[in-house]
Amino acid sequence: MKAGGNTARESGWPDDLRGPVSSLPDSSRILVALSGGLDSTLLLYVAAACHRNVCALHINHQLQPNHSQTEQFCRSLCERLAVPLLVERVDVAVGESGSGGLEEAARLARYDVFRRVLGAGDLLLMAHHADDQVETVLFRLLRGTGVTGLAGMPESRRLGQGALFRPWLAVSRDRLEQVARDVGLSWVEDPSNTSLAFDRNYLRHAVLPGLKERWPGLLKRVEHSARACAESDTLSHRLAELQWQMCSDSGQLRLASIQALSPLEQRNLVRWWIHRQGLKMPALADWDQSLAELVQAGEDRTPEIRGDGFSLRRYRGYLYLVPNVEVPAHSAGLEPGRTLQWGPWTLRLTPTATTPEAAPPPIRVSTRQGGERLRFEEGGHSRSLKTWLQEQGVPPWERALLPLVYHETPGASELIAVGDLWCSEQYSGSAPAAGWRLIVERDCD
Ligand SMILES: Nc1ncnc2c1ncn2[C@@H]1O[C@H](COP(=O)(O)OP(=O)(O)OP(=O)(O)O)[C@@H](O)[C@H]1O
C-alpha cells in the first residue's frame, strides 16, 4: 500500500497501529494534532482510514525557518486525504520563553490552542509513542519529580471541553518509522530535532540509544514503572480526597484534624489541595520541615509558607490557602451604572427605578486606613470596624484588602459597605432608601 495513493483511506494498516486508533470512544470530531512530522502524519493516515469524522489541527509556531513549507505540507496532505484542516498561527515571543525555554513556551501555546479549539465530545489525538514516554519519564527523573511526574504522559485525559488521547504510547518509534518507510510516506523533518542543545534531544540522541542497546526491553520496563507510578498517584489522590472530606470546612483545613494525620498524609493532602487550585508547589528545599512547622505551630504564632502566587497561612484553628490578590493602591470613585473591579470583588451601583430621580452622592472605595467606624442603623451608635471584623472571623490578610465603600456628602463621609460582608440598608434590600442599590460580589476562587 502506498500512502500517497488512493489507497490511503483503506484500512489495511497493521493491527498494532490500527487497533488503538479504531477502538477510540464515540466522539463528535476526532482532531489529529498534526505537526507534519513522521508520527503525526502517520497517525492522520491511520485515523482517516478508521473514522469518518476526522480533521487535522496544525499549530504554526512560526519559529522554524521552514514553518511555511511545513504548513503547506499539512495543507497538501489534508487535501489529498480529503480531511478538513484547521491551521492556527501562534506568536511565541522570545521574551515569553521563561525558565523552560522556547520549546516549553511553544508547548504551552500549543496546549492553549488545543484547549480553545476542543468542543464538547471532541477527541484530540496526539502521536506520542513509547520512546517519547521514556524520554518524558527520564527527563522528569533528572529534573527531580515525584510519582505524578514519573507516571509519564497519560493515555487519555480531559482537555478543554473535550479529551486528549495518545493511542500509540505502547508503540516504539522504530516501529512507526518502519511502517512509514514501508508505505513510502513523506513527512517534514523538524530541523531543531537534531540539536543536542535541547535536553529532550540530548536524551533522544546521546543517551537512549546506549540504554536501549544494553537493556533491549527498556521501553516496556519504563512503561511498567510509569504505570505503577500512575497507580500510586491515583491512590494518593483518592486518599487526599477522603481526608479532605474529613478535615475541611468551607474550603479550609481544620488544623486539629490535620494534626492527627501523619506528616506523610499532611504533605499529600496539602500538595493535592495546591494542585486542585491550579497552583504550583512551592519550590522550597525544606518543604517538609516548613509544612510540619506551619501545622504544629502554637496558636500565638502566625507562620506562613509563600508559594508562587499564593501563601499557606493559619488563622483561628484553620489552615488557609490564600491566592495573592492585588487591590488598587489608591481610593477610586464608583460611577453609577459602571463596574469597579477591586481584586476579586466586583462593585456596581444600579438605580432601583428605570429613571432615577437624582444622581447618587459621590461614592468612594478604598481599603482600611485604621480607625474606621461602622453604623448599622441611621442615628444608632457607631462601632469599631476592626472589632467587628475580628468578631466576624475575617482573617487579617483579608481585612487589609476588603473594599470599604463610602458615601460622601459635603463635610461627611459615611461607611456604607464593607466588602460583600455588610451593606447599609440605604443601599440594599428590596427598596433601598437611597434609590440606588450597591452590589458587591466576590469571585469564587
Ligand atoms: N505544531 C504542532 N501542531 C499540531 N500538533 C503538534 C505540533 N507539534 C506537536 N504536535 C503534536 O504533539 C505530538 C508530540 O510532539 P513532538 O514535538 O514530540 O513531536 P514531533 O516530533 O514534533 O512530531 P511528530 O510526533 O509528528 O513526529 C505530535 O505527535 C503531534 O501530535
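Residues numbered from 1 in each chain as written. Predicted model: local features only at pLDDT ≥ 70, side-chain atom pairs only at ≥ 80, totals over all residues. Heavy atoms only, no water.

The test is simple: UniProt positions are given in the numbering used here, feature names are shortened, and annotations may be inferred rather than shown by experiment.
As annotated in an unreviewed UniProt entry, the protein carries the name tRNA(Ile)-lysidine synthase and is attributed to Marinobacter shengliensis. Word for word, the UniProt comment on the protein under Subcellular location (unreviewed entry) is "Cytoplasm". UniProt, in its Catalytic activity (unreviewed entry) section for the protein, records the words "cytidine(34) in tRNA(Ile2) + L-lysine + ATP = lysidine(34) in tRNA(Ile2) + AMP + diphosphate + H(+)".

### Some words on the packing of aromatic side chains
Here is the rule: Each Phe, Tyr or Trp ring, with Trp reduced to its six-membered ring, pairs with another whose centre is within 6.5 Å; inter-plane angles below 30 degrees give stacked pairs, above 60 give edge-to-face pairs, and intermediate values give tilted ones. By definition, any uninterrupted DSSP run of H or I lasting at least four residues is a helix, any uninterrupted run of E lasting at least two residues is a strand, and each is numbered from the N terminus. In this scheme, a residue with accessible area under 20% of its type's maximum is buried, one over 50% is exposed, and one in between is partly exposed, where area comes from a 1.4 Å probe on protein chains only. The criterion for a charge sitting over a ring is simple: Lys NZ or Arg CZ within 6 Å of the ring centre, and within 35 degrees of the ring normal.
The tally for this structure, following the rule as stated, stands at 8 aromatic pairs. On the numbers, 5.3 Å between centres and 50° between planes, the contact of tryptophan 244 with tryptophan 273 is tilted. Here tryptophan 244, found in helix 9 (residues 218-247), pairs with tryptophan 273, found in helix 11 (residues 263-276); they are 29 residues apart in sequence, far enough to count as distant. Residue class for tryptophan 244 comes out buried when judged on its relative accessible area of 10%. Through pairs of rings, three or more aromatic residues link up here, namely Trp244, Trp272 and Trp273. Over the ring of tyrosine 406 we find arginine 364, and its NZ or CZ is 4.7 Å from the ring centre. Over the ring of tryptophan 345 we find arginine 442; its NZ or CZ atom is 4.7 Å from the centre of that ring.

### Brief notes about the site of the ligand
Just so we agree on the cut-off: Only a single heavy atom is needed: when it lies within 4 Å of a molecule or strand, its residue is near that molecule or strand. In the analysis that follows, any N or O atom pair within 3.5 Å is treated as a polar contact, provided that within protein one partner can donate a hydrogen and the other can accept it, and provided that, for residues neighboring in sequence, both atoms belong to side chains. Under the convention used here, a 1.4 Å probe and the Shrake-Rupley method define accessible areas, while residue burial counts only the protein chains that appear.
The environment of the ligand is made up of 17 residues, and the closest members are Ala33, Ser35, Asp39, Ser40 and Ile59. At a separation of 3.5 Å, an oxygen atom of the ligand approaches a polar backbone atom of leucine 38. In this structure, alanine 127 approaches the ligand through a main-chain N or O atom, which is 3.2 Å from an oxygen atom. Protein chains shield 86% of the accessible area of the ligand, which is 570 Å² for the free molecule.

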